[in-house]
Amino acid sequence: MGCFFSRRRKPAQGGQQQQAGAGQDAAAGEQKAPQYSWDLRAKIDPKDYTFSGLKDETVGRLPGKVAGQQFVIQDCENCKIYIFDHSATITIDDCVNCQIFLGPIKGSVFFRDCKDCKCVVACQQFRTRDCKKLEVFLCCATQPIIESSTGMKFGCFQYYYPELALQFKDAGLSIFNNTWSNIHDFTPVSGENNWGLLPETAVVQDYVPLPSSEELKAVRISTEATKSIIPVTRGRRQKSSDESCLVVFFAGDYTTANARKLIDEMTSKGFHLVQTKEVLMKAEDGHRVFNQCASEFISLLEKGPVVALEFNGDGAVEQCRSTINEVFSGTKVFVSESKASASQDVDNFYNFADMQMGM
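Here is what the cut-offs are and how they apply
- Residues numbered from 1 in each chain as written.
- Predicted model: local features only at pLDDT ≥ 70, side-chain atom pairs only at ≥ 80, totals over all residues.
- Heavy atoms only, no water.
- UniProt positions renumbered as here; feature names shortened; annotations may be inferred.
- Pairing = 2+ DSSP bridges.
- Helix = DSSP H or I, 4+ residues; strand = E, 2+ residues; numbered from the N terminus.
- Phe/Tyr/Trp six-rings, centres within 6.5 Å; stacked < 30°, edge-to-face > 60°.
- Buried < 20%, exposed > 50% of the residue type's maximum accessible area, 1.4 Å probe, protein only.
- Lys NZ or Arg CZ within 6 Å of the ring centre and 35° of its normal.
- Expected span 1.5 Å × (residues − 1).
- Contact = heavy atoms within 4.5 Å.

Going by what an unreviewed UniProt entry lists, the protein chain is known as Protein XRP2 and is assigned to Malurus cyaneus samueli. UniProt annotates the protein chain under Function (unreviewed entry) with the comment "Acts as a GTPase-activating protein (GAP) for tubulin in concert with tubulin-specific chaperone C, but does not enhance tubulin heterodimerization." Entered under Subcellular location (unreviewed entry) in the UniProt record, the comment concerning the protein chain runs "Cell membrane".

Q: I keep staring at the pairing of strand 8 (residues 132–140) and nothing clicks. Help me out?
A: Along a regular strand, successive side chains alternate from one face of the sheet to the other. In the sheet, strand 7 (residues 115–129) pairs with strand 8 via eight bridges, with the strands oriented parallel. Counted as the bridge partner of lysine 115 is lysine 132 from strand 8. When strand 8 meets strand 10 (residues 152–156), the two strands line up parallel, connected through four bridges. Its bridge partner lying in strand 10, phenylalanine 137 is registered against glycine 155.

Q: Can you help me understand the packing of aromatic side chains in this one?
A: Two descriptors summarise a pair of aromatic rings, namely the distance from one centre to the other and the angle between the planes of the rings. If you walk through the whole model with that rule in mind, you get 22 aromatic pairs. Where phenylalanine 84 meets phenylalanine 101, the ring centres are 5.3 Å apart and the plane angle is 35°; that geometry is what we call tilted. Highlighted residues: phenylalanine 84 in the loop between strand 4 (80–83) and strand 5 (90–93) and phenylalanine 101 in strand 6 (residues 99–112), separated in sequence by 17 residues. For the pair phenylalanine 84 and phenylalanine 101, one class covers both residues: buried. Three or more aromatic residues joined by ring pairs make a cluster, and in this case those are Tyr82, Phe84, Phe101, Phe157, Tyr159, Tyr161 and Phe168. Taking the ring centre of phenylalanine 110 as reference, the NZ or CZ of arginine 112 above it sits at 5.1 Å.

Q: I keep staring at helix 8 (residues 339–356) and nothing clicks. Help me out?
A: Residues separated by three or four positions in an α-helix point in the same direction, a consequence of the helix having 3.6 residues per turn. Over its 18 residues, helix 8 runs 26 Å from end to end, which matches the ideal 26 Å to within 8%, given 1.5 Å per residue. Among the residues of helix 8, those classed as buried are Ala342, Asp345, Val346, Asn348, Phe349, Tyr350, Phe352 and Ala353. At its buried positions, helix 8 is contacted by strand 13 (244–249), strand 14 (272–279), helix 5 (283–290), strand 15 (306–312), helix 7 (316–327) and strand 16 (333–335).

Q: It is not clear to me how the UniProt feature "binding site: GTP" (unreviewed entry) in the protein chain should be interpreted in this structure. Could you clarify?
A: In the numbering adopted here, UniProt assigns the feature "binding site: GTP" (unreviewed entry) to Gly107, Ser108, Gln124, Gln125, Phe126 and Arg127. A maximum C-alpha distance of 11.1 Å places the annotated residues, which cover 21 residues in sequence, within one compact spot. For glycine 107, a relative accessible area of 18% corresponds to the buried category. Setting aside residues up to four positions removed in sequence, glycine 107 forms contacts with Ala88, Thr89, Cys123, Gln124 and Gln125.

Here's what the structure looks like:
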């Protein structure tokens, strides 16, 4: 069997050449072993990515200090904990009466055996087991799951600091994919409800206050809904009207900015943002969702994912169409044509999107 870097030597011709060959072999043996890029990486100390056994403390990590690593929080009581960075996964075990902020998590966050905690969390997957009385302002890209947990309350994530948008990108999370209110209970109890929604008027700082330590106060935070990185949606709350409108923006340089601009315009006029979604569409999906208008938009689907918004309120369709004509006159946008077709537009799109995302 051969090996890498081996060479075939020519037969020695005379003692002198043999001695020279032996000397070269000895020199080669003294050469340093090659260094590879992974040998030069900084060694990871698990203690830098763990909060354990704390009581009555305020602790945290500033932007850039976690940088996509895994994090563990365990056996903490009466603590305020802030992770102002993106991470790979986070597990939270046996914590009591803690207030916790977790920046974007590329994978899962798993709460186990926790009680009386208040949290702000952004993640790909959210799960709890054997927890009691958690109140969570949540952004979750997939359906949140609770198991053997009671007294759970959920609201929509609303938070801002300057580094947060890039952290969402680094974690591979879209600000438009948030299923915070679509909870799946693995262990339902007949006649009881293990979870519910926080009041729509709930204020984040009343649950998870801004950090008081000098180090963490350096992070420039806002919890105002209008500044939130994640658009604040009503989710599965009761709709105020039987009229909704679907708006779809197609991929381009200003897709996110345009979507946020329309959200600001519509909500300032009293309409509710029910849900948002960012998803890739194929031509056949476009025909199913856009119906008679499909031919106008099919070619745009090749540019990348679309961003869809559902607005609700009496007159939503007329106001959406009017605002788009005024503000986005040079942009191709799909808008429901009438109140009669709008409900079907919404159902068609979100049924497709949920199937695409495995929900």
